[in-house]
Amino acid sequence: MFSEMQAPLAALDRVLELKKTHKISLENKLLKFKSDDYEIKFEDVSFSYPSRPDLCVLNKISFILKQGKFSAIVGRSGSGKTSLMQILLKFYNYKSGKISVGRNDLRLVDPADLRKKIAYVEQYPMIFSGTIRSNIAFSSPKASAKEIENIAKICGILDFAKKLKQGLDTEIGEKGVRISGGQKQRIAIARALLYKPEILLLDEATSALDSESEAKILSNVRKLLRGKTIISIAHRISSIENADEIIVINEGQVVSVGNHASLMRSSKIYNLLYKDQDRKILF
């Protein structure tokens, strides 16, 4: 019993240490997010992780993500794509430059207030024990049964739920152990759509789906969130070919901006990513 007690005791030490940590004084001066404009602008932004201050992940990066558009960010692994999402969500502070959402300076905005406007879907989403329905409704507990079913249909969840005895009320086990990776991603996207965010962040959110299902879901997402800001990070070019604007980053810098057709003509890195995708499909 003594050895089994050590793990929770170590965890308790960390909890008590966190309780002693004082909030940064600036927290009390942060501003509420005030804007009907959700255009996102990065201006000469540089960023390094606190654990590696000597390694510049983003180096004076600048671009604009327009409201009402489906924008995509592509690049090789380690180029800084996910880091962009993390500083936009204020999980980390950037070193220099400026990020603005509408008229709001990101450094001055209360993170809790900013995050109310955003839905974030990651590659390996958090799925809770319970039913398919309760997982979708987690983002909007007051949603009606009809709203949940409509979103489930849009995301292709009803297609596999109909084959289950309890349908949407099927228990899926801890962390969704009874369903596949693609089904988990569908549920996470449905949860985000039910929230009706002003900004939707998709971080490799359809990577476990086949190309046909992926295209169908993304098309439905664009229709449902028309006029909202949608940002997708992708390795697989097929998922963002129809994006309004594609930003190509390499080693923490923007190297090309355009749509799929223009980048195929002008961007060497984009072409390499596209060809690499084809090779993975073949093998």
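Owing to the predicted nature of the structure, the values given are computational and were not obtained by experimental measurement.

J.: How would you sum up the pattern of salt bridges? Please name residues and give values.
T.: Under the defined criterion, the tally for this structure stands at 6 salt bridges. Between Arg52 and Asp54 there is a salt bridge, with the nearest N and O atoms lying 3.4 Å from each other. You can call Arg52 partly exposed: its relative accessible area is 42%. Where Asp169 meets Arg133, a salt bridge forms, and the shortest distance between an N and an O atom there is 2.9 Å. Note that Asp169 is positioned in the loop between α6 (157-161) and α7 (181-195) and Arg133 in helix α4 (residues 132-137), a separation of 36 residues in sequence. Of the residues examined, Asp169 reaches a relative accessible area of 40% and is grouped as partly exposed.

J.: Which residues make up the sheet that holds strand β10 (residues 253-258), and what values go with them?
T.: Across the sheet, 6 strands lie side by side as β6-β7-β8-β3-β9-β10; this open sheet has mixed pairing. The open sheet terminates on both sides in strands that have one partner only, identified here as β6 (118-121) and β10. Neighbour to neighbour, the strand axes of the sheet diverge by 15° on average, direction disregarded. For strand β3 (residues 70-74) and strand β8 (residues 229-234), the ladder comprises 5 bridges, and the chain directions are parallel. Opposite Phe70, over in β8, you have Ile230 as the bridge partner. Each of β6 and β7 (199-203) touches α7; the most contacted strand, β6, lies at about 175° to it.

Rules behind the numbers
Residue numbers run consecutively from 1 along every chain, following the written order of its sequence. pLDDT decides what is reported in this predicted model: residues at 70 or higher carry local features, side-chain atom pairs at 80 or more are listed and counted, and totals for whole chains, interfaces and linings draw on all residues regardless. Only hydrogens and water are removed before side-chain values are computed, so all heavy atoms of the structure are retained for them. Here, a salt bridge means any Lys or Arg side-chain nitrogen found within 4 Å of an Asp or Glu carboxyl oxygen. A simple rule labels every residue: compare its accessible area, found with a 1.4 Å probe on the protein chains alone, to the largest value its type can have, and call it buried under 20%, exposed over 50%, or partly exposed in between. Under the DSSP-based scheme used, a helix requires at least four consecutive residues in state H or I and a strand at least two consecutive residues in state E, with every element numbered from the N terminus. Between any two strands, pairing holds if DSSP finds at least two bridges. With axes taken as lines fitted to C-alpha atoms, and helix axes fitted only over the stretch in contact, angles between N-to-C directions fall between 0 and 180 degrees. In this description, contact between two residues means that some pair of their heavy atoms is separated by no more than 4.5 Å.

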